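If you want the building blocks of each chain, they are given just below.
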Amino acid sequence: MHIPRSHPRAESLYIRERLVRGYKEGLVVEEGLLAHGRGEMFDYLIGERTSKASHEAISAAAQMLLSAKHPVISVNGNLAALCTREIVQLAKVVGAEIEVNLFYASNKRKRAIAQAIKRNGANKVLGLDSKFSQKIPGLESARRVVDERGIFIADVVLVPLEDGDRTIALKKFGKKVITFDLNPMSRTAQTADITIVDNVTRGMQLLIKTCKKMKRSTLRKNFKFHNKKNLNQSILLIKNNLRRMSRA
Ligand code: ATP
Ligand code: MG
């Protein structure tokens, strides 16, 4: 479908196209398309751009990733469809492992996602070989499987567009969790250590840029980041946008 650049929703329509392509290529499931719809709605409410609060969360995420001993990027179908190149770039910049970890697990889909990531330059993608499967406690069977070389031993996990149950389980398992989630009220957003309330398509690029600029030698030890306060700024932004619209 041809979308004219001048279309007021051009960017969000391009993002939809990418997701639909990912669906046709076997990376994304139907449920993923629906989850994207929820995200789109919140993107509309925040004004479809990266807010000041989200810029601050991105800086904190860059600090945490660069200071990590064993960072892992957890990849699901939607992320693979929307940010294939960025996943590989970010992994290289911060020295992270990439692990495919699906809510609706299927080996065929895992392989399709891993191939898409490898085509974009990754040498190694974890989460496919059952020889290395381990279980995180507190979740029912299929959703708890992680790779013993990846999330299982990670200190920091980036889990964009993640489900609340899994985020809570990762926290209970002692991981530091960073997420991208357009809904500042979701359980994932509220549970993570750092929530970047931004469309992952914008946020991942900014996170890569920020990590590149931030030198490891200038990293602050024990930096403080108040996720709840930061999330409240996003909720306030939505409230103000709604108030403005209802006044007009
Ligand atoms: P939770 O389980 O955390 O309470 P949920 O059940 O509402 O949240 P899920 O489907 O489990 O939602 O997770 C998907 C999350 O990802 C949603 O909060 C949705 O807003 C968000 N999301 C979807 N697409 C994007 C995107 N492109 N960028 C950032 N966030 C997105
Ligand atoms: Mg959920």
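This report concerns the structure included in the present document. This structure is a prediction, so every number in the text was calculated from the model and none was measured.

1. Section: the packing of aromatic side chains
We describe a pair of aromatic rings using the distance from one ring centre to the other and the angle between the two ring planes.
Here is step 1: Taken as a whole and judged by the stated rule, the model has two aromatic pairs.
Here is step 2: Here the aromatic rings of Phe-103 and Tyr-104 are separated by 4.9 Å at their centres, their planes lie at 65 degrees, and the arrangement is edge-to-face.
Here is step 3: Centroid distance Phe-152 to Phe-173: 5.5 Å. Interplanar angle 45 degrees. Geometry classified as tilted. Here Phe-173 lies in the loop between helix H6 (164-172) and strand E6 (176-180) and Phe-152 lies in the loop between strand E4 (145-147) and strand E5 (156-158), a separation of 21 residues in the sequence.
Here is step 4: You can call Phe-152 partly exposed: its relative accessible area is 25%.

2. Things to note about the side chain of Glu-99
Here is step 1: Counting through the fold element by element, Glu-99 comes out in strand E2 (residues 97-100).
Here is step 2: One buried charged side chain, Glu-99, makes no salt bridge at all; its nearest oppositely charged neighbour is Arg-149, positioned 7.7 Å away.
Here is step 3: At a separation of 2.9 Å, a polar atom in the side chain of Glu-99 contacts the main-chain amide nitrogen of Asp-147.
Here is step 4: Those residues in contact with Glu-99 that sit more than four places away from it in its chain are Val-72, Ile-73, Ser-74, Val-75, Leu-126, Gly-127, Val-146, Asp-147, Gly-150 and Ile-151.

3. Remarks on the site of ligand 1
Here is step 1: As a structural note, the neighbourhood of ligand 1 is formed by 18 residues, with Gly-164, Asp-181, Arg-187, Thr-188 and Asn-199 the closest of them.
Here is step 2: With respect to ligand 1, the backbone of Gly-164 contributes an N or O atom lying 2.7 Å from an oxygen atom.
Here is step 3: Between ligand 1 and Asp-181 there is a distance of 2.7 Å, counted from an oxygen atom to a side-chain nitrogen or oxygen.
Here is step 4: Looking at the shell around ligand 1, the elements that each hand over two or more residues are helix H2 (30-46) and helix H7 (187-191).
Here is step 5: Looking at the shell around ligand 1, the element that brings in the most residues is H2, giving four residues.

4. Remarks on the nonpolar core
Here is step 1: Counting 49 residues, the largest nonpolar core has Val-75, Leu-90, Ile-178 and Leu-207 as its most contacted members.
Here is step 2: No other element matches helix H4 (residues 77-94), which puts ten residues into this core.
Here is step 3: Residue contacts for Leu-90: discarding those within four places in its chain leaves Leu-65, Ile-73, Leu-158, Met-204, Leu-207, Ile-208 and Cys-211.
Here is step 4: Core analysis: the second largest hydrophobic core is formed by twelve residues, Leu-139, Val-146, Val-157 and Ala-169 among them.

5. Thoughts on the sheet that holds E6
Here is step 1: With respect to topology, five strands assemble into an open sheet ordered E2-E1-E5-E6-E7, the strand pairing being parallel. Edge strands, defined here as strands with exactly one partner in the open sheet, are E2 and strand E7 (194-196). In this sheet, neighbouring strand axes are inclined to one another by 20 degrees on average, regardless of whether the strands run parallel or antiparallel.
Here is step 2: Alignment of E5 against E6, held across three bridges, turns out to be parallel. Its bridge partner lying in E6, Val-157 is registered against Val-177.
Here is step 3: Across the sheet, H4 is in contact with strand E1 (71-75), E2 and E5; its angle to E1 comes to roughly 170 degrees.

So, how was this worked out
- Note on numbering: residues in each chain are counted from 1, in written sequence order.
- Chains carry letters and ligands carry numbers; both start at the beginning, A for chains and 1 for ligands, and go up in the order they are written.
- Predicted model: local features are reported for residues with pLDDT of at least 70 only, side-chain atom pairs are reported and counted for 80 or more only, and whole-chain, interface and lining totals are derived from all residues.
- Side-chain metrics rest on all non-hydrogen atoms present in the structure, leaving aside hydrogens and water.
- Each aromatic pair joins two rings of Phe, Tyr and Trp (for Trp, the six-membered one) with centres within 6.5 Å, and gets the label stacked for planes under 30 degrees apart, edge-to-face for over 60, and tilted for any other angle.
- We count a stretch as a helix when DSSP gives it H or I for four or more residues in a row; a strand needs E for two or more, and each element gets its number in order from the N terminus.
- Throughout, exposure labels follow a simple rule: accessible area from a 1.4 Å probe, protein chains only, divided by the maximum for the residue type, with under 20% read as buried, over 50% as exposed, and the rest as partly exposed.
- Charged residues are defined narrowly, with Lys and Arg counted positive, Asp and Glu counted negative, and His plus the chain ends left uncounted.
- Whenever Lys or Arg places a side-chain nitrogen within 4 Å of a carboxyl oxygen from Asp or Glu, that contact is recorded as a salt bridge.
- Two N or O atoms form a polar contact when they lie within 3.5 Å of each other; inside protein one atom must be a possible hydrogen donor and the other a possible acceptor, and for residues adjacent in sequence the pair counts only when both atoms belong to side chains.
- Contacts were defined at the residue level, with two residues in contact if any of their heavy atoms lie within 4.5 Å.
- Only heavy atoms are used to decide nearness, and a residue is near a molecule or strand if one of them lies within 4 Å of it.
- Here the nonpolar core consists of buried residues drawn from Ala, Val, Leu, Ile, Met, Phe, Trp, Tyr and Cys, with membership extended through side-chain atoms lying within 4.5 Å.
- Here, a strand pair is defined by DSSP locating no fewer than two bridges between the strands.
- For every element, the axis is a line fit to its C-alpha atoms; helices are fit only across the contacting stretch, and the angle between N-to-C directions ranges from 0 to 180 degrees.

Nothing here speaks to function; it is all geometry.
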